[in-house]
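Spelled out, the chains give:
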Amino acid sequence: MLNQRCVQLGKVRSVIRELFEYGNARKAEIGEDKVFDFSLGNPSVPPPAELEEAMLGLIKNSDPVNLYGYTSAQGAPGVRRAVAEYINTNFGNHVTENDIYMTCGAAAAITITLCALCNEGDEVITFVPCFPEYSVFAAQAGAQLIKVKTCDGTFDIDVAAFRSALTPKTKAVIINSPNNPSGVVYPESSIRALCDVLREHSAKLGSPVYLISDEPYRELVYGGEEVPYVMNYYKNSIVCYSFSKSLSVPGERIGYIAVSSEAEDRGNVYAAVCGAGRSLGYVCAPSLMQQVCAKLIGKTSDISAYERNRDVLCSALTSYGFGVVKPQGAFYLFLKSPEPDANAFAERAKKHELLLVPGDDFGAEGYVRIAYCVSPDMIERSLPAFRALAEEYKK
Ligand code: PLP
């Protein structure tokens, strides 16, 4: 018999993907410009010009056998050194290339990290709303994902709720800030409070509870918002970074894992990361992209376009009477459904050709997610549809 869990996972598409496919079919039917597809977090701004230059330079000037060959399983040493140097220079840490593992994006980074840390039956806590794939990644590691509520209205970490979710089985906590889908950036005070509770619980257990920071949106922040770097607040922390959104290269699959230089038994934690990568077959991330990212590390595509989209959308939706939490980062906006059932609201939105993802999949009922990483033109064209949708609820 086939592995039924995998059969099930392969058959049931995510709600986001379903909506995206629906949007493509609908565009073919009524025209590309008539459908307002806010379903997918696919960056709409091109990568920075330096990306193409770096790629072409590498292709023209490198020994192809080297460039396209296998790197070390954990990534090319020079690339890992560049990543470590970047982290140390920008966040004041002391990691080395032997704390860095190159991956195919954040998805692989989180899967590897959970497999490295968890034993069968362990629990991994995260805060809702959250990226739906965490449940899949945790299950793959034999762990159970425990979803903890956040503060009403702000989606900030609810420390009391977090504390009461801790058990002897808690092995790790995943945070994602700037957050998909709420766009919230957890303030430093919340990170400090979270880390205090983690230290307390680790001491009680006599073994570390790890803090995993999922960071595909680190640079996508607006209005000078600061995103605290977890290694500076908690020694047993692991950063899962992705270049997908910062460089607009999600299809090229590149990111990394960074184990804190202060982590207890640091060498074995990194060994477990390497072992998990090996057992999952996640070795030797794409070689060309490793080299490209080493050259571009710290650069981003023009994220000001997202900030403009956010501002236009937030003020228009608020003026139509919708409730929104103004996002401080990422490129998602969580909109409060004017009726209790967000699925019914999303269906109604579809009648206006607005494709919005119901929040249930993210663990937050009564909201829909709007991915505003689209063209400014589409935002403008979609506003009459949002206004008409709002009017329906005023009748
Ligand atoms: N984590 C979060 C919160 C995300 O939003 C995404 C992608 O949208 C991922 C992880 C996976 O990113 P990657 O493309 O780097 O695998």
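Trainee: Help me understand the environment of Ser-279, please; the structure alone is not making it clear to me.
Mentor: Inspection of the secondary structure puts Ser-279 in helix H10 (residues 266–280). By relative accessible area, Ser-279 is classed as exposed at 63%. Here the side chain of Ser-279 touches Ala-276 through a polar contact of 3.1 Å, landing on its backbone oxygen.

Trainee: Looking at this model, I keep getting lost on the pattern of salt bridges. Mind explaining?
Mentor: Following the criterion strictly, the structure yields 21 salt bridges and no others. Of the charged contacts in the structure, one is a salt bridge between Asp-158 and Lys-149, with a shortest N-O distance of 2.7 Å. Owing to a relative accessible area of 15%, Asp-158 belongs among the buried residues under this scheme. Residue class for Lys-149 comes out partly exposed when judged on its relative accessible area of 42%. In this structure, Lys-235 and Glu-264 form a salt bridge, with 3.6 Å as the shortest nitrogen-oxygen distance. Placement of the pair is Lys-235 in the loop between strand S6 (210–215) and strand S7 (237–242) and Glu-264 in the loop between strand S8 (255–259) and H10, with a sequence separation of 29 residues. Salt bridges here are not isolated pairs; linked through shared partners, they connect Glu-307, Arg-310, Asp-311 and Lys-326.

Trainee: When you look at the sheet that holds strand S10 (residues 332–336) in this model, what are you seeing that I'm missing?
Mentor: The pairing of strands in a sheet happens through backbone hydrogen bonds and is either parallel or antiparallel. Across the sheet, four strands lie side by side as S9-S10-S13-S12; this open sheet has antiparallel pairing. Unpaired on one side and paired on the other, strand S9 (323–324) and strand S12 (357–358) mark the two borders of the sheet. Strand contacts of helix H13 (residues 342–350): S10, S12 and strand S13 (367–371), with the helix running at about 45° to S13, the strand carrying the most contacts.

Trainee: Before we go on, may I ask you to explain unusual backbone geometry in this structure?
Mentor: Peptide bonds are, in most cases, trans, and in most cases residues other than glycine have a negative phi. Going from Val-128 to Pro-129, the amide bond is cis rather than trans, its omega being 5°. Mapping Pro-129 onto the fold places it in the loop between strand S3 (123–127) and helix H7 (133–140). With an omega of 0°, the peptide bond between Ser-177 and Pro-178 qualifies as cis. The topology assignment puts Pro-178 in the loop between strand S5 (170–176) and helix H9 (188–205). For Cys-284, which is not a glycine, the phi torsion comes out positive at approximately 55°.

Trainee: Help me out: how do you make sense of the side chain of Asp-99 in this one?
Mentor: Within the element layout of this structure, Asp-99 appears in the loop between helix H5 (77–91) and strand S2 (100–103). A distance of 2.8 Å separates a polar atom in the side chain of Asp-99 from the backbone nitrogen of Thr-96. Side-chain polar atoms of Asp-99 contact the side chain of Arg-266, separated by 2.7 Å.

Trainee: What am I meant to see in the pairing of S5 here?
Mentor: For a regular strand, the rule is simple: side chains alternate between the two faces of the sheet. Most of S5 sits out of view: seven of its seven residues are buried. Inspection of the sheet shows S3 paired to S5 by four bridges, in the parallel sense. In the strand pairing of S5, Thr-126 is matched with Ile-174. Here S5 runs beside S6; their pairing, made up of five bridges, is parallel. Looking across to S6, one finds that Ile-174 is bridged to Ile-212. At this point the chain moves from S5, through H9, to the parallel S6, and the crossover so formed is right-handed.

Rules used in this analysis
Residues numbered from 1 in each chain as written. Predicted model: local features only at pLDDT ≥ 70, side-chain atom pairs only at ≥ 80, totals over all residues. Heavy atoms only, no water. Helix = DSSP H or I, 4+ residues; strand = E, 2+ residues; numbered from the N terminus. Buried < 20%, exposed > 50% of the residue type's maximum accessible area, 1.4 Å probe, protein only. Polar contact = N/O pair within 3.5 Å; in protein donor to acceptor, adjacent residues only side chain to side chain. Salt bridge = Lys/Arg side-chain N within 4 Å of Asp/Glu carboxyl O. Pairing = 2+ DSSP bridges. Contact = heavy atoms within 4.5 Å. Axes fitted to C-alpha atoms, helices over the stretch in contact; angles between N-to-C directions. Right-handed = clockwise from strand over helix to strand, strands pointing away.

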